[in-house]
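# An overview of the molecular structure
What follows is the residue order along each chain.
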Amino acid sequence: MAAKPQKQTSESKKRKRVPNQKSEGAIADTKKPKFASNPKKLKPNSNNVQSKDGTKKPFKIKGPKKDHQKPSVKKDGVEDSKKLSRLRSKELAEARKKKRKKHYSLEQELALLWEKMRRRNIAKEDRSKLVSEALQKMKGKISEIASSHVSSRVLQTCVKHCTQDERNAVFMELRPHFIALASNTYAVHLVTKMLDHAPKEQLAVFISSLHGHVASLLRHMVGSVVIEHAYNLGNATQKQALLMELYSPELQLFKDLVTMKENRLEDVISKLQLQKSSVLRHMTSVLQPILEKGILDHSIVHRALMEYLTIADQSSAADVIQQLSGLFLVRMIHTKDGSRLGMLCIRHGSAKERKKIIKGMKGHVDKIAKDKFGSMVLVCIFSVVDDTKLVSKVIIRELEANLKELLLDQGESDGGEAVEEDKDGEGDHSNASIQLNEGGKKDSFKRRHELLVSSGLAEKLIDACGEMAEGLLRSKYGKEVIYEVAIGGADGILRPALDEKLGKFYEAIASVAAQPKPDEPEEEHILEHFHSSRTIRKLILDCPEFASTLWEKALKGKCAVWVKGHSSKVISAFLESSNSAVKELAKEELQPFIEKGDLSLPVAQ
């Protein structure tokens with residue numbers, strides 16, 4: 001009897017393994033599905049309610065059941081296990097930071113003080129108290145915590161708002177550690193802040209502490225920022241002291257040799273009787289890593305490169321120009337020496353290198369054009385590069401997009417003169433050995449015509465000047481553009497192709513001049529304004545077509561209003577013109593004013 005139930009159990013198990021088994025025993029032993037198919041066995045639920053059309057609403061699948069073994073949040077404040085684990089993790093992290101950071105607790109205290117002292121609406125006395133409290137807490141530990149991300153920011157705020165005595169104390173504590181701090185990602189900001197607020201004596205001490213480390217710091221991405229900052233703040237002697245360390249190893253070892261007044265590297269070599277080949281090798285070893293790392297934003301590097309090119313042979317100069325051609329040059333032309341380097345690269349570079357330089361300017365032309373030194377590089381490109389299609393595509397198109405804004409920008413009034421100066425070798429005192437591919441082969445007039453007229457720039461320029469005539473005439477810088485456009489450009493480059501456009505431009509100026517004289521003295525008429533009256537007078541003398549249009553549209557029959565004040569100079573210009581037709585236009589109407597003495601005839605020379 002005992003064996004019989006075992007047999008049944010065995011058989012029932014076998015039945016379970018048989019697929020599609022329909023027997024009652026198999027159904028009884030198998031696991032019940034999560035959702036029963038028999039609606040009678042379901043608990044009452046709103047999901048079982050039938051809809052109007054008789055169909056049942058679908059069951060809503062609920063999320064996983066709560067694990068009742070874990071404690072949940074209750075009304076009496078019992079925390080769940082996740083919150084406990086987060087707290088434990090936070091405590092462990094805090095403990096690790098305390099072990100890893102020597103002054104972790106101090107940094108936390110300083111952070112709280114910093115949040116209060118950097119508020120804008122805090123009283124000056126309250127901020128001073130907080131600053132003094134923070135400095136007192138950091139006393140003796142400033143050099144250790146200056147490299148911290150948090151403490152460095154606190155120190156910068158303290159240096160900015162503390163008293164000079166407190167600032168002096170911070171300087172003295174940091175003084176032995178300047179070189180190490182100058183290379184730190186966070187401490188570098190504190191060092192530059194200290195230099196910004198340092199008196200002359202402290203600046204001299206700091207620059208003196210850099211002796212022997214200038215070359216190594218310039219090769220460092222962070223350290224180079226400190227050298228550049230000190231270079232910009234220093235006087236001429238201090239700048240020269242920093243530069244001379246890049247010339248020769250002897251100048252790094254002996255401080256007395258760098259206190260000389262010679263500015264040019266050639267003069268230094270002659271004065272100290274240094275070997276040019278030795279200096280060239282040393283400067284190559286210093287500057288090559290800087291070029292390879294792309295640390296080319298600093299003016300001290302630009303100056304060093306310019307001096308290097310004064311003694312470099314043709315091969316060495318060509319190598320430098322090749323490395324600078326491209327995107328690097330765009331980052332350099334914002335300084336005086338960087339701009340000269342840019343012009344050197346354009347004038348002496350190959351066609352391939354010039355192409356790289358121009359393409360590297362894509363997207364930056366507007367900014368370069370507004371820069372005092374960068375604009376000179378654009379002038380050089382227009383004067384030298386023969387590939388006018390490339391120049392039009394990259395540079396002219398971007399200038400056209402912001403033409404109206406650029407017309408009122410100061411720019412560089414003597415850019416052309418600077419380019420000519422550099423061509424003579426006086427502006428950059430560059431050695432004759434680097435004359436590689438100077439200048440372009442294309443005729444200069446043809447190049448200008450292609451860039452200005454054929455590209456469509458001149459037409460848009462005339463239209464923009466016509467729309468902005470009054471504003472440009474009143475502008476200190478815009479009046480120069482008005483004059484150059486109105487006379488047709490140098491050598492009459494805009495004529496005869498754009499004579500019709502120029503005629504409409506003259507009418508636009510005349511329509512502004514034809515406006516009645518304002519009653520209020522604050523509002524000056526264009527014929528009485530300081531800049532515009534002189535520009536119009538100059539145009540009457542130099543451009544007969546403009547003079548005729550102005551007389552017919554604005555001045556004929558109205559001279560009585562304008563024979564006094566600044567406007568009288570405009571009227572008298574018709575009598576002073578070298579063009580007989582212009583004189584005849586106004587002679588009859590102006591004769592009565594000459595007889596009365598309101599106007600005087602020009603004295604024959």
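Definitions and cut-offs
Residues numbered from 1 in each chain as written. Predicted model: local features only at pLDDT ≥ 70, side-chain atom pairs only at ≥ 80, totals over all residues. Heavy atoms only, no water. Helix = DSSP H or I, 4+ residues; strand = E, 2+ residues; numbered from the N terminus. Contact = heavy atoms within 4.5 Å. Areas by Shrake-Rupley, 256 points an atom, 1.4 Å probe, with all protein chains shown as cover. Core = buried A, V, L, I, M, F, W, Y, C linked by side-chain atoms within 4.5 Å. Buried < 20%, exposed > 50% of the residue type's maximum accessible area, 1.4 Å probe, protein only. Salt bridge = Lys/Arg side-chain N within 4 Å of Asp/Glu carboxyl O.

The name an unreviewed UniProt entry assigns to the protein is Pumilio24, from the organism Sesamum radiatum.

## Digging into the overall build of the protein
If you tally the helices and strands in the protein, you get 37 helices and 0 strands. For the protein, the share of sequence-separated contacts (at least 6 apart) that also reach a separation of at least 24 residues comes to 69%. Summed over all atoms, the accessible surface of the protein reaches about 34900 Å², with 51% contributed by carbon and sulfur.

## Let's talk about the nonpolar core
The nonpolar side chains of a soluble globular protein tend to be buried, and buried together. Counting residues in each nonpolar core, the largest one holds 159 residues, and the members touching the most others are Met-138, Leu-305, Leu-324, Met-361, Ile-381, Ile-395 and Leu-550. The residues touching Leu-550, leaving out its near neighbours within four places in the chain, are Ala-510, Ala-513, Ile-536, Ile-540, Leu-555 and Phe-574.

## Description of the pattern of salt bridges
The final tally for this structure, using the stated rule, is 22 salt bridges. Across the salt bridge formed by Arg-537 and Glu-576, the nearest N and O atoms sit 2.5 Å from each other. With a gap of 39 residues between them, Arg-537 in helix α33 (residues 530–542) and Glu-576 in helix α36 (residues 567–576) connect regions that are remote in the sequence. On the basis of relative accessible area, Arg-537 is assigned to the partly exposed category, the value being 21%. One continuous salt-bridge network, built from bridges that share partners, spans Arg-303, Glu-307 and Asp-337.

## What about the side chain of His-529?
Summarising the element assignment, His-529 is placed in the loop between α32 (499–513) and α33. On the basis of relative accessibility, which here comes to 14%, the residue His-529 falls in the buried class. Apart from the residues lying within four places of it in its own chain, the contact partners of His-529 are Arg-474 and Glu-524.

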